[in-house]
Amino acid sequence: MKVIQTKLDGCVIIEPKVFGDERGFFKETFQAERYKEAGLTLPFVQDNYSRSTRGVLRGLHFQKTKPQGKLVSCSAGEVFDVAVDLRPGSPTYGQWEGVTLSENNHIQFYVPPGFAHGFVVISEAADFLYKCTDYYDPADEGGIIWNDPDVGISWPFVSPLLSDKDRQLPTLRALND
Ligand SMILES: Cc1cn([C@H]2C[C@H](O)[C@@H](COP(=O)(O)OP(=O)(O)O[C@H]3O[C@H](C)C(=O)[C@H](O)[C@H]3O)O2)c(=O)[nH]c1=O
């Protein structure tokens, strides 16, 4: 497997080894020892699976006191996935990293605890799978608005389909006021 560091310390892009043959393909999507060597040292405690249609944007979300690290991938379709560094004191605070995840590129993206995370669906529909390093706690949920001007994410869509909750998320500036 190939591990690519990004400008956001701890955020890594992983390209698993894909074994293709006349039947199709096989790949290991997680292996504790090898992923620990890639920097994913926290144990995973929860797996999530969501399906979304084209133009849906889920995010940008985080948990305030129980931040989740997430190993994300797209098992069907294609998404543009984004992590925003919200770690207090981080030299890249407020900066973002984006990566295209798809069933065809098999790419995984690790978003450590302390980041806001979200994605927008580029294909007709997309199945999104991810492992989390802490449990979901609805009382602990936080988020920033997808098009925060101070973050300046270059989303491939200008008018995505958002949940009511996501439409009302604050800017980073408002969050810190
Ligand atoms: C996240 C989550 C949600 N739910 C329930 C709560 C709601 O009744 C329903 C939909 O939740 P929500 O609209 O928050 O789902 P997403 O918008 O996909 O949220 C996720 O979006 C971005 C991409 C993230 O990185 C987070 O994992 C997560 O915030 O699933 C659960 O039961 N467990 C969970 O872990």
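Positions within a chain are numbered from 1, following the residues in the order the chain's sequence is written. Under the rules for a predicted model, residues below a pLDDT of 70 receive no local features and side-chain atom pairs below 80 are neither given nor counted, while totals for whole chains, interfaces and linings still include all residues. Values shown for side chains rest on all heavy atoms present in the structure; no hydrogens or waters enter the calculation.

A. Geometry of the site of the ligand. Taken together, the neighbourhood of the ligand is formed by Q46, N48, R58, H61, K70, H117, F119, Y130, Y136, E141 and K165. Contact distances for the ligand include 3.0 Å between an oxygen atom and a side-chain N or O atom of Q46. Side-chain atoms alone can form a polar contact between residues adjacent in sequence; in general such a contact is a pair of N or O atoms within 3.5 Å, and within protein one must be able to donate a hydrogen while the other accepts it. Within the side chain of H61, a nitrogen or oxygen atom sits 2.6 Å from an oxygen atom of the ligand. Every accessible area reported is derived by Shrake-Rupley at a probe size of 1.4 Å, with residue values counting cover from the shown protein chains alone. Its free accessible area being 650 Å², the ligand has 65% of it covered by the protein chains. Elements with a contribution of two residues or more to the shell around the ligand: strand 5 (46-53), strand 6 (57-63) and strand 11 (115-121). Residues are classed as near a molecule or strand on a simple rule: at least one heavy atom within 4 Å of it. For the purposes of this entry, the term helix denotes a DSSP run of H or I that reaches at least four residues, the term strand denotes a run of E that reaches at least two, and both are numbered from the N terminus.

B. Fine view of the sheet that holds strand 11. DSSP bridges decide pairing: two strands pair if at least two such bridges lie between them. Across the sheet, five strands lie side by side as 9-8-11-6-13; this open sheet has antiparallel pairing. The strands lining the two open edges of the sheet, one partner per strand, are strand 9 (96-102) and strand 13 (141-143). Here the strands of the sheet are splayed against their neighbours by 30 degrees on average, with no regard to which way each runs. With seven bridges joining them, strand 8 (residues 78-85) and strand 9 adopt antiparallel strand pairing. Each bridged residue has a counterpart across the sheet, and for F80 the counterpart in strand 9 is T100. Here an angle of 0 to 180 degrees is reported between the N-to-C directions of two axes, which are lines fitted to C-alpha atoms, with helices fitted over the stretch in contact.

C. Broad picture of the confidence of the model for the chain. pLDDT expresses, on a scale from 0 to 100, how confident the predictor is about each individual residue. Overall, the predicted model of the chain reaches an average pLDDT of 97, with 100% of residues at or above 70. Taken together, the chains of this predicted complex give a pTM of 0.97 and an interface ipTM of 0.98.

D. Summary view of the pattern of salt bridges. Each reported salt bridge corresponds to a side-chain nitrogen of Lys or Arg within 4 Å of a carboxyl oxygen of Asp or Glu. Enumeration according to the criterion identifies 12 salt bridges in this entry. With its nearest N and O atoms 2.9 Å apart, the salt bridge here joins R87 to D85. By the burial criterion, R87 is buried, and D85 matches it. Relative accessibility decides the category of a residue: with a 1.4 Å probe and only protein chains considered, values under 20% of the type maximum give buried, values over 50% give exposed, and everything between is partly exposed.

E. A look at unusual backbone geometry. Of note, the bond from G59 into L60 is cis; its omega dihedral lies within 30 degrees of zero at 0 degrees. Relative to the elements of secondary structure, L60 occurs in strand 6. In this structure, H106 takes a positive phi of about 60 degrees despite not being glycine. Mapped onto the elements of the fold, H106 is located in the loop between strand 9 and strand 10 (108-111). For H106, a relative accessible area of 12% translates into the label buried.

F. Focus on the sheet that holds strand 12 (residues 125-132). The six strands are arranged 1-2-10-7-12-5 in an open sheet whose pairing can be described as antiparallel. Only two strands of the sheet have a single partner each, and these edge strands are strand 1 (2-5) and strand 5. Put simply, the sheet's adjacent strands are angled 25 degrees from each other on average, direction ignored. Sheet analysis places strand 1 next to strand 2 (residues 12-15), joined by four bridges and oriented antiparallel. Paired with Q5 across the strands is V12, a residue of strand 2.

G. Spotlight on the packing of aromatic side chains. Side-chain rings of Phe, Tyr and Trp (the six-membered ring for Trp) are treated as a pair once their centres are within 6.5 Å; stacked means planes under 30 degrees apart, edge-to-face means over 60, and tilted covers the remaining angles. One pass over the structure, following the stated rule, counts seven aromatic pairs. Centre to centre, the rings of F30 and Y35 are 5.2 Å apart; their planes meet at 55 degrees, and the pair counts as tilted. Look at Y35 and you get buried, because its relative accessible area is 1%. Note on F44 and Y110: the rings are 6.4 Å apart at their centroids and 85 degrees apart in plane angle, and the pair reads as edge-to-face. Taken as a pair, F44 in the loop between helix 1 (32-37) and strand 5 and Y110 in strand 10 lie far apart in primary sequence, 66 residues in all. No difference in accessibility class separates F44 from Y110, as the two residues are buried. One aromatic cluster in this structure is built from F30, Y35, F44 and Y110. In this analysis the charged atom, NZ for Lys or CZ for Arg, is taken to sit over a ring once it is within 6 Å of the ring centre and within 35 degrees of the ring normal. Its end group placed over the ring of W96, K7 keeps NZ or CZ at 5.9 Å from the ring centre.

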